Amino acid sequence: MDFLRPASWEEALAAKAEHPTAVPIAGGTDVMVEINFDHRRPEYLLDLNRIGDLTEWEVGEDTVRLGASVPYSKIMESLRAELPGLALASHTVASPQIRNRGGVGGNLGTASPAGDAHPALLAAGAEVEVESVRGSRLIPIDEFYTGVKRNALADDELIKRVHIKKADGPQQYSKVGTRNAMVIAVCAFGLALHPSSRTVRTGIGSAAPTPVRAKAAEEFLNAALEEGGFWDNGKIITPSVAKQFAELCSGACNPIDDVRGTASYRRHAVGVMARRTLTWTWESYRGARRTTEGAA
């Protein structure tokens, strides 16, 4: 196994073009586990730790440009207001040591359905910026996951950063595991309210071959909120609407039985998380409306 250690982003792209099978490593929290257990033995490892731009982020007027190697701990500390869903997801990642090393780029590169960041990225409607010596492109998060641990990257491309719109409404994240920390998700759920467009987006992890959205549930809830005037009147969402939303979220799953949980349990748990996160986010939205109206 050869170890490639570029000193700049341009050198990294050139190395990836010359050695398309090279496996990028930054935090190493996924790759090193696979190597240590002899599940993977790449011909080349491409070390990205000398490239400082990957650990930086930029908060724009509408969007956060998040470097692929920004540690989860930094997201928790510095981007909680702009990216609340992703900050909550970051809290659930493994241990403090892993949160100080791992980043969203690694989750995306591995593309495991159990990756903690995926539901939050789906709910936020993120875009993944990838680059090669041929140029750069933005991949919508809905098009990024192509199969079990497969993504839309070409062989010569690397993930540079993730573009995530700043939250314009409440966001939530929930995860079920076999214990409270250092655990791979049995299933996970992300929800984001987007009052500016009067829409809701979801993200489901570890309950299908890839991270997925519950699109039928979103369409139902978007219609229910609009028809009931909920965005304007700020009323409590009726139990029947919450129940139907939860059932549709469960229906979006295509899980398996494995050592962490059964398929039926995963479907049930996703429905429970969907109902709870909807309640939490909507209460936050109602509270913000009352505060705004009171100030006026």
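Residues numbered from 1 in each chain as written. Predicted model: local features only at pLDDT ≥ 70, side-chain atom pairs only at ≥ 80, totals over all residues. Heavy atoms only, no water.

### Regarding the UniProt feature "domain: FAD-binding PCMH-type" (unreviewed entry) in the protein chain
Okay, so step 1: In this numbering, the UniProt entry assigns the feature "domain: FAD-binding PCMH-type" (unreviewed entry) to residues 1–169.
Okay, so step 2: Taken as a whole, residues 1–169 contains 33% helix and 25% strand, while its terminal C-alpha atoms sit 47 Å from one another. (UniProt positions renumbered as here; feature names shortened; annotations may be inferred. Helix = DSSP H or I, 4+ residues; strand = E, 2+ residues; numbered from the N terminus.)

### As for the nonpolar core
Okay, so step 1: Membership of the largest hydrophobic core comes to 32 residues, with the highest contact counts inside it found for Leu-86, Val-104, Leu-108 and Leu-121.
Okay, so step 2: At the level of elements, strand E5 (63–67), helix H3 (72–78), helix H4 (84–91), helix H6 (104–110), helix H7 (118–124), strand E6 (127–132), helix H8 (141–144) and strand E10 (158–165) are the ones that each hand at least two residues to this core.
Okay, so step 3: Examining the composition of this core, we find that four residues originate from one element, H7, more than from any other.
Okay, so step 4: In this view, Val-104 contacts Leu-66, Ala-68, Val-70, Tyr-72, Ile-75, Leu-86, Ala-117, Leu-121 and Val-162; residues no more than four positions away in its chain are not counted.
Okay, so step 5: By size, the runner-up hydrophobic cluster in this structure holds 31 residues, among which are Ala-217, Phe-230, Val-241 and Phe-245. (Core = buried A, V, L, I, M, F, W, Y, C linked by side-chain atoms within 4.5 Å. Buried < 20%, exposed > 50% of the residue type's maximum accessible area, 1.4 Å probe, protein only. Contact = heavy atoms within 4.5 Å.)

### Focus on the packing of aromatic side chains
Okay, so step 1: Overall, the coordinates contain five aromatic pairs when judged by the stated rule.
Okay, so step 2: Measuring from centroid to centroid gives 5.7 Å for Phe-144 and Tyr-145, while their planes differ by 90 degrees, and the two rings are edge-to-face.
Okay, so step 3: Seen in terms of ring centroids, Trp-231 and Tyr-285 are 5.2 Å apart; in terms of plane orientation they differ by 85 degrees. Their pairing is edge-to-face. Within this pair, whereas Trp-231 is found in helix H10 (residues 230–233), its partner Tyr-285 is found in helix H12 (residues 263–295), the two being separated by 54 residues in sequence. Of the two residues, Trp-231 and Tyr-285, neither departs from the other in class, the shared state being buried.
Okay, so step 4: Each residue in the set Phe-230, Trp-231, Trp-282 and Tyr-285 is aromatic and connected to the rest through ring pairs, giving one cluster. (Phe/Tyr/Trp six-rings, centres within 6.5 Å; stacked < 30°, edge-to-face > 60°.)

### With respect to the packing of helix H9 (residues 215–227) against helix H11 (residues 239–251)
Okay, so step 1: Where H9 contacts H11, the axes come no closer than 8 Å and their chain directions differ by 160 degrees. One element, H9, and the other, H11, form an angle in the roughly antiparallel class. Crossing handedness for the pair H9 and H11: right-handed. Here Ala-216, Ala-217, Glu-218, Phe-220, Leu-221 and Ala-224 of H9 come into contact with H11, specifically with Val-241, Gln-244, Phe-245, Leu-248 and Cys-249.
Okay, so step 2: Residues that form the contact of H9 with H11 fall into these classes: nine nonpolar, one polar and one charged. (Axes fitted to C-alpha atoms, helices over the stretch in contact; angles between N-to-C directions. Parallel < 35°, antiparallel > 145°, perpendicular 65-115°, else oblique. Left-handed = near helix turned anticlockwise from the far one by under 90°. Nonpolar A, V, L, I, M, F, W, Y, C, P; charged D, E, K, R; others polar.)

### Considering the packing of H11 against H12
Okay, so step 1: Between H11 and H12, the least distance of the axes is 8 Å, while the angle of their chain directions is 140 degrees. Taken together, H11 and H12 sit at an angle that is classed as oblique. H12 is crossed by H11, and the crossing has right-handed handedness. Taken together, the residues of H12 that come into contact with H11 (itself represented by Ala-242, Phe-245, Ala-246, Cys-249 and Ser-250) are Arg-267, Val-270, Gly-271, Ala-274, Arg-275 and Leu-278.
Okay, so step 2: Considering only residue class, the contact of H11 with H12 consists of seven nonpolar, two polar and two charged.

### What to know about the sheet that holds E5
Okay, so step 1: The strand order across the open sheet built from five strands is E4-E5-E10-E6-E7, with neighbouring strands paired in antiparallel fashion. Edge positions in the sheet fall to strand E4 (57–59) and strand E7 (135–140), since each has one partner strand and no second. Here the strands of the sheet are splayed against their neighbours by 20 degrees on average, with no regard to which way each runs.
Okay, so step 2: Pairing analysis gives five bridges linking E6 to E10, with the strands arranged antiparallel. Residue Val-130 lies in a different strand from E10, and its bridge partner there is Ile-159.
Okay, so step 3: Sheet strands touched by helix H1 (residues 9–18): E6 and E10. Its angle to E10, the strand with the most contacts, is close to 120 degrees. (Pairing = 2+ DSSP bridges.)

### Description of the environment of Pro-239
Okay, so step 1: Turning to its location among the elements, Pro-239 is positioned in helix H11.
Okay, so step 2: Once the C-alpha coordinates of Pro-239 and Arg-275 are considered, the two residues, 36 residues apart in sequence, prove to be 9.3 Å apart.

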